[in-house]
Amino acid sequence: MTLDAMAAAVDGCQRCKLGSGRTHIVFGVGNADADLVFVGEAPGKNEDEQGIPFVGRAGQMLTRMIENVIEIPRSDVYICNILKCRPPGNRNPEPDEIACCEPYLYKQLEIIQPRLIVALGKFAAQWLLQTQTPIGKLRGKFGRYRGIPTLATYHPAYLLRNPSQKRTVMDDLLRIKAVQSGELEPEIEIFS
Ligand code: URA
């Protein structure tokens with residue numbers, strides 16, 4: 001199955017209660033052959049309106065990080081979220097919503113088969129790495145998602161509220177760049 005065929009199959013999804021309130025399903029965007037996939041939490045208002053992940057302020061921050069720190073075009077990577085629909089008022093994803101939506105992410109990552117995954121924030125990190133460890137402890141560490149090295153870092157929305165942490169995330173992404181270029185072996189520290 002291709003990502004396009006999958007997106008078409010997911011269109012109209014009403015598996016969970018978010019289906020009734022959304023404007024668009026935000027399936028994912030980018031290179032279907034990407035080596036690097038970024039996984040966020042859930043669409044916000046702008047993403048719901050446009051049907052594209054990470055297009056609001058947090059998204060612009062993510063784009064700058066990808067293009068200025070890793071130094072690759074945003075279109076080279078694939079970007080998606082744990083949830084494909086916007087939770088009302090941008091509240092946190094609820095466990096039943098994650099349970100309904102997670103087969104989509106599972107399948108997306110199976111199709112793409114990236115070499116590396118970056119988990120943005122608590123929800124992505126805890127789900128991908130199958131742990132309840134707080135994001136402050138996971139950040140900067142690699143675990144594995146179905147064998148794929150997965151780095152946990154802070155969510156760009158957190159950086160908008162805490163700009164002093166930008167340097168920390170830049171350092172995480174510089175390590176991603178070094179792993180991608182073969183200069184660094186990811187050291188797996190999270191075992192779940
Ligand atoms: N925050 C996310 O986690 N995902 C988006 O797509 C936008 C904001």
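For the structure itself, look to the data block above.
All figures in this text were calculated on a predicted structure; none of them were measured in a lab.

Chemist: I keep staring at the pattern of salt bridges and nothing clicks. Help me out?
Modeler: A side chain of one charge can pair with a side chain of the opposite charge if their charged atoms are brought near each other. A complete count under the given rule lists twelve salt bridges for this structure. With its nearest N and O atoms 3.0 Å apart, the salt bridge here joins glutamate 94 to lysine 17. Note that glutamate 94 is positioned in the loop between strand S3 (78-81) and helix H4 (95-112) and lysine 17 in the loop between helix H1 (3-10) and strand S1 (29-30), a separation of 77 residues in sequence. Look at lysine 17 and you get partly exposed, because its relative accessible area is 42%. With its nearest N and O atoms 2.8 Å apart, the salt bridge here joins aspartate 96 to lysine 17. Of this pair, aspartate 96 sits in helix H4 while lysine 17 sits in the loop between H1 and S1, placing them 79 residues apart in sequence.

Chemist: What's the story with the site of the ligand in this structure? I'm lost.
Modeler: Residues in close proximity to the ligand include Gly40, Glu41, Ala42, Glu47, Pro53, Phe54, Asn81 and His155, which together make up its full environment. Within the backbone of glutamate 41, an N or O atom sits 2.8 Å from an oxygen atom of the ligand. Contact distances for the ligand include 3.0 Å between a nitrogen atom and a backbone N or O atom of alanine 42. When the ligand sits alone it has 240 Å² of accessible area, and the protein chains cover 91% of it. Tallied by class, the residues present in the shell around the ligand amount to three nonpolar, three polar and two charged.

Scoring rules and cut-offs
Residues numbered from 1 in each chain as written. Predicted model: local features only at pLDDT ≥ 70, side-chain atom pairs only at ≥ 80, totals over all residues. Heavy atoms only, no water. Salt bridge = Lys/Arg side-chain N within 4 Å of Asp/Glu carboxyl O. Helix = DSSP H or I, 4+ residues; strand = E, 2+ residues; numbered from the N terminus. Buried < 20%, exposed > 50% of the residue type's maximum accessible area, 1.4 Å probe, protein only. Near = heavy atom within 4 Å. Polar contact = N/O pair within 3.5 Å; in protein donor to acceptor, adjacent residues only side chain to side chain. Areas by Shrake-Rupley, 256 points an atom, 1.4 Å probe, with all protein chains shown as cover. Nonpolar A, V, L, I, M, F, W, Y, C, P; charged D, E, K, R; others polar.

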